[in-house]
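Architecture at a glance
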There are 2 protein chains.
Amino acid sequence: MEKRVGKHTIMFTNPPVIAATASIVGPKEGRGPLGATFDKVLADTYYGESSWEKAEQKMLAEAIQMVLDKAGKKPEDVQFLLAGDLLNQTISANFSARKFNIPFLGLYGACSTMFEGLALAAMLVDGGFADNVIAATSSHYGTSERQYRYPTEQGTQRPMSSQWTVTGAAAALVSRYGEGPRITHATVGRVVDMGLRDANDMGSAMAPAAVDTLVRHFQDSARGPQDYDLIVTGDLARVGSTLAVQLARAQGYDLSKNYTDCGLLIYADDQDTHAGGSGCACSAVVTAGHLMQQLARPEVKRILGIGTGALFSPTSIYQGETIPCIGHAVALEQL
Amino acid sequence: MEKRVGKHTIMFTNPPVIAATASIVGPKEGRGPLGATFDKVLADTYYGESSWEKAEQKMLAEAIQMVLDKAGKKPEDVQFLLAGDLLNQTISANFSARKFNIPFLGLYGACSTMFEGLALAAMLVDGGFADNVIAATSSHYGTSERQYRYPTEQGTQRPMSSQWTVTGAAAALVSRYGEGPRITHATVGRVVDMGLRDANDMGSAMAPAAVDTLVRHFQDSARGPQDYDLIVTGDLARVGSTLAVQLARAQGYDLSKNYTDCGLLIYADDQDTHAGGSGCACSAVVTAGHLMQQLARPEVKRILGIGTGALFSPTSIYQGETIPCIGHAVALEQL
C-alpha cells in the first residue's frame, strides 16, 4: 500500500495516463507564440455572453466537453470532476460543473489549480477510486483584474513586475487506461510565505514556494534537474522565474539549462504583458497544448511541471497581510 | 483495485479511522444545545484579533493544532491538510495552512467542505498515499454576512427562511491506524441546480442536491434509511430539511424516523436564528463534537452524514444566476 517515496513525494504504482487535453484561449493568447498549440482561440473576450464571468464559465464548460469528446467519453464514464478557479467562491468551476452530471470536487489552489487537480486525479485513479477523472480550470483577464485589482476601464498604470492574467480554460482527462504521457510522481506543495505583500509582484512571492516543492521533489525522488528534459513552473514569469533559479542554486540545484515558465512562454515580448502571464489558465493551457505536444516528440521523455499559486485575496491585502503561496509538482513522462 | 460499489459510491477496502476531532465555536454556539460538546467556546467573536477574518483564521489554525495534540501527532506525521472555507479565495484555510508545514490541498465546497475533505481524506489514506490526513474548515457569522449579504451594522431584517452562519472551526484527523469511528463509504456529490435564486433561502436550494446524493448512496450501497442509526445533513435547517424529507419520500425513501440536520441541532429555538444554522462550520463542529460523541455510544453504530453546500457568490446573484448546490455523503461507522 505504501506509495510514497521520501517524505512528501508520491510515486504512482500504475502511473495514470493523460488520455486527452483540451484548451481554449482568448484572442491575445491566440496571437502569442503558442497560438497554434491551443484547440480554440476566441475572437473576443465576451464570447457572446453578457459578462466576462459568464464568458469564463462558457470557456471552462466547453473545455470539459471538448476533452470528453476528444477521448470519446461521456460524462457517465468519468467518476470525478476536479475544478477550481480564481473567482470568489470559484463560480466558474461551480457553474461549469452544473452542466455535467459528474461528481464534483471543488478545489481552490489559485493559479496552481491545474496541478493540484492533476496530482489529486492521479491519486484517485491510482488509488482505485476512479477509471477517469477530469481536472479543469479557467481564468479571464477581465474577471480577474476587476476582482483583484482595479476596474480595467480605469486604465491604472501597471508596474513592470505585474503579470497579465491569461484568458483561457483547459481540461485534462486522467485515466487508468489509454495512451499518452503518464503522471509518474506528484509532490504536493506546502504554504510558504516569505513576507512579501505586493499584489503587483506575484512572481517574487511565489518563487520560494515553487522552489520549496522542487527541492522536496528532488530530495524525495533522488532525481535532479538533469533527470528532466524540461522543468516548467506555472506563472512565475520574468521576475519570479529569475528568482527561482537563484533560490534553487542556493540549495544546490542548477536550473539554468532546462528550466522555463508558462508565464514566459505564452506571450511575446511585444505583447505588453510586462513580466508575463499568470492566472489559473496560464499553466493549464500551456500544459494542455505546448507541453503535451513536447511530450509527443521522441526526444522529450520527462517534464516536471510545478503549478504555482498566490493564495491571497483583496481583503487579506487590505488587512495588511502578506502573501502565502504554494507550488504543486507533477512529473509527466513517456514510459 | 476496484473500490467502487454501484456507479458513484466508494466502499473503502480498509476503512480509515477518524482518530481525533477538534472544535471551537463562538459564544452564540456555545450557548446552544450542543454547547457542551465543543472543545472550546470563545468569549467573543473577535478572539483578540483586529478583524473577524483574522479571528476566523485563528480559530481554524487552533482547531488544526488541537487535533494534532489530541492525536499525539506532529505536523510531519501528517501527509496532507485538506481545508477550505467560505471567504473569497478561501483565505481562512490558506492563512491557517501557512502555520503548518503540511502539504496543503485547498478545497472549495462551500458549507459541504468538511464532508468533501473527509471523503477525499479517506481516499488518500485508503489509496495508500497517506497515513494521516487532516480535514478542516471554518466559518464566521461576521465575515460571512458582510461578504455575502449586508454589513451587520446595517441591521437589515432577515426573512424567516434565512439561516445563521455558525462561528466556529473544526478539524478531523483521518488515519490509517488508531481507534475511532471509521469512514466506510463516500458518495461524492453532483452539482444540482433547481433554478432557485433566493440567497436568503439556501436550505430550499440545497435540499435537492442532498437528496440526489442520498438516493445515489442508497442505490449504490444497497442500503436504505433503516440501515443507519442517524442520517444527518449539513445545513438545510428548518426549511430545507422539511423539503428533503418530502423529496426523499417521492423517491421511495422514508427519512421521517432517523433524520435530522446540523443546522437544526446547533441552535435553540429561542436563539433567533430563524431557519437554523449554516456555514462550513455548521456540519463540521456538529460532526466533530456531537456526532462523534453519538458514535461513542454502544447503541449508535452507523451515521450517514451529508455535507451540503450552496455554490453561489454575490457576483453570480447580481448577474441573475440561480444557485447551484452540492451534497457529499460519508458513512461513519463503529466496526
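Throughout what follows, the structure given in this document is the object of discussion. (Residues numbered from 1 in each chain as written. Chains lettered and ligands numbered in written order. Predicted model: local features only at pLDDT ≥ 70, side-chain atom pairs only at ≥ 80, totals over all residues. Heavy atoms only, no water.)

Here we take up the packing of aromatic side chains. Scanning the entire structure with this criterion turns up ten aromatic pairs over all chains. The interplanar angle of 20 degrees and the centroid separation of 5.3 Å between the aromatic rings of Tyr46(B) and Trp52(B) together place this pair among those described as stacked. The partly exposed category is assigned to Tyr46(B), whose relative accessible area is 35%. On the basis of relative accessible area, Trp52(B) is assigned to the buried category, the value being 11%. Geometrically, the ring pair formed by Phe218(B) and Tyr253(B) is tilted, given 4.8 Å between the ring centres and 35 degrees between the ring planes. Placement of Phe218(B) in helix α6 (residues 202–221) and of Tyr253(B) in the loop between α7 (237–250) and β12 (259–261) is noted, with a sequence separation of 35 residues between them. Residue Phe218(B) shares its accessibility class with Tyr253(B), and that shared class is buried. In this arrangement the basic side chain of Lys58(A) is found over the ring face of Tyr47(A), its NZ or CZ atom lying 4.3 Å from the centre. (Phe/Tyr/Trp six-rings, centres within 6.5 Å; stacked < 30°, edge-to-face > 60°. Buried < 20%, exposed > 50% of the residue type's maximum accessible area, 1.4 Å probe, protein only. Helix = DSSP H or I, 4+ residues; strand = E, 2+ residues; numbered from the N terminus. Lys NZ or Arg CZ within 6 Å of the ring centre and 35° of its normal.)

All names here are of chain B. Of note, Lys40 is situated in strand β4 (residues 40–41). Counting along the chain gives 13 residues from Lys40 to Pro27, while the straight-line C-alpha distance between them is 9.8 Å. Discounting residues that sit within four places of it in the chain, Lys40 has contacts with Ser23, Ile24, Val25, Tyr47, Glu62 and Met66. (Contact = heavy atoms within 4.5 Å.)

The next subject is the relation of the copies chain B and chain A. Overlay of chain B on chain A (RMSD 0.0 Å): rotation 180 degrees, translation along the axis 0.0 Å. This pairing of chains is accounted for by a two-fold axis. When you check the interface residues of chain B against chain A, 98% turn up at the interface there too, and the contact is symmetric in its surfaces. (Least-squares fit on C-alpha atoms with pLDDT ≥ 70 in both.)

A few words now on the side chain of Ser23(A). Mapped onto the elements, Ser23(A) comes out in strand β3 (residues 17–25). The residues contacting Ser23(A), other than those within four sequence positions of it, are Thr37(A), Phe38(A), Asp39(A), Lys40(A), Met66(A), Ala169(A), Ala170(A), Val285(A) and Ala288(A).

Residue and element names in this part refer to chain B. The end-to-end C-alpha distance of helix α9 (residues 280–295) is 21 Å, a good match for the 22 Å that 16 residues give at a rise of 1.5 Å each. Of all the bends in α9, the greatest measures close to 45 degrees and is centred on Thr287. By the criterion of burial, α9 is predominantly enclosed, with 15 of the 16 residues buried. (Expected span 1.5 Å × (residues − 1). Bend = angle between axes of the 7 residues up to and from the residue.)

Attention now goes to the interface of chain B and chain A. On the chain A side, the residues contacting the 64 residues of chain B number 63 residues. A buried area of about 5400 Å², summed over both sides, lies between chain B and chain A, and 59% of it is on carbon and sulfur atoms. At the junction of chain B with chain A, the criterion picks out four salt bridges. For Asp193(A), the salt bridge identified is with Arg98(B), shortest N-O distance 2.5 Å. Connecting chain B to chain A are 24 residue pairs in polar contact (both at pLDDT 80 or more). Those elements giving two or more residues to the side of chain B that touches chain A turn out to be α2 (52–71), α3 (91–97), β6 (104–106), α4 (113–126), α5 (141–148), α10 (314–318) and β15 (325–333) of chain B. Looking at which element gives the most residues to the side of chain B that touches chain A, the answer is α4(B), with six residues. (Buried area = accessible area lost by both parts, 1.4 Å probe. Salt bridge = Lys/Arg side-chain N within 4 Å of Asp/Glu carboxyl O. Polar contact = N/O pair within 3.5 Å; in protein donor to acceptor, adjacent residues only side chain to side chain.)

Another aspect to go through is the nonpolar core. If you look at the biggest cluster of nonpolar residues, it comprises 103 residues, and the most contacted ones within it are Phe80(A), Leu118(A), Phe80(B) and Leu118(B). Those residues within four positions of Phe80(B) in sequence are excluded, and the remaining contacts are Ile10(A), Met123(A), Val188(A), Ile102(B), Pro103(B), Leu105(B), Leu124(B), Phe129(B), Ala130(B), Asn132(B), Val133(B) and Ile134(B). (Core = buried A, V, L, I, M, F, W, Y, C linked by side-chain atoms within 4.5 Å.)

What follows is about the packing of α2(B) against α5(B). Residues and elements named next belong to chain B. At their nearest, the axes of α2 and α5 sit 8 Å apart, and the two run at 130 degrees to each other. It follows from the interaxial angle that α2 and α5 lie oblique. Regarding α2 and α5, the two cross each other, and that crossing is left-handed. The segment α2 lies against α5, with Trp52, Glu53 and Glu56 engaging Gly142, Thr143 and Arg146. A per-class count over the contact of α2 with α5 returns one nonpolar, two polar and three charged. (Axes fitted to C-alpha atoms, helices over the stretch in contact; angles between N-to-C directions. Parallel < 35°, antiparallel > 145°, perpendicular 65-115°, else oblique. Left-handed = near helix turned anticlockwise from the far one by under 90°. Nonpolar A, V, L, I, M, F, W, Y, C, P; charged D, E, K, R; others polar.)

This part covers the packing of helix α4 (residues 113–126) of chain A against α4(B). Helix packing for two helices is described by the angle between their axes and how far apart those axes are. At a minimum axis separation of 9 Å, α4(A) and α4(B) run at an interaxial angle of 60 degrees. Here α4(A) lies oblique to α4(B), going by the angle between them. For the pair α4(A) and α4(B), the sense of crossing is left-handed. Where α4(A) abuts α4(B), its residues Leu120(A), Met123(A) and Leu124(A) lie against Leu120(B), Met123(B) and Leu124(B). Taken together, the residues of the contact of α4(A) with α4(B) sort by class into six nonpolar, no polar and no charged.

Before going further, it helps to spend a moment on the environment of Gln79(B). Examined against the element boundaries, Gln79(B) turns out to sit in the loop between α2 and β5 (80–85). In this structure Gln79(B) comes out as buried when scored by relative accessible area, which is 10%. As for Gln79(B) and Leu124(B), which are separated by 45 residues in sequence, their C-alpha atoms are 9.4 Å apart. Apart from residues no more than four positions distant in its own chain, Gln79(B) is found in contact with Arg4(A), Ile102(B), Pro103(B), Phe129(B), Ala130(B), Asp131(B) and Asn132(B). Within polar-contact distance, the side chain of Gln79(B) engages the backbone oxygen of Asp77(B) at 3.4 Å. Engagement of the side chain of Gln79(B) in a polar contact is seen with the backbone nitrogen of Asp131(B), the distance being 2.8 Å.

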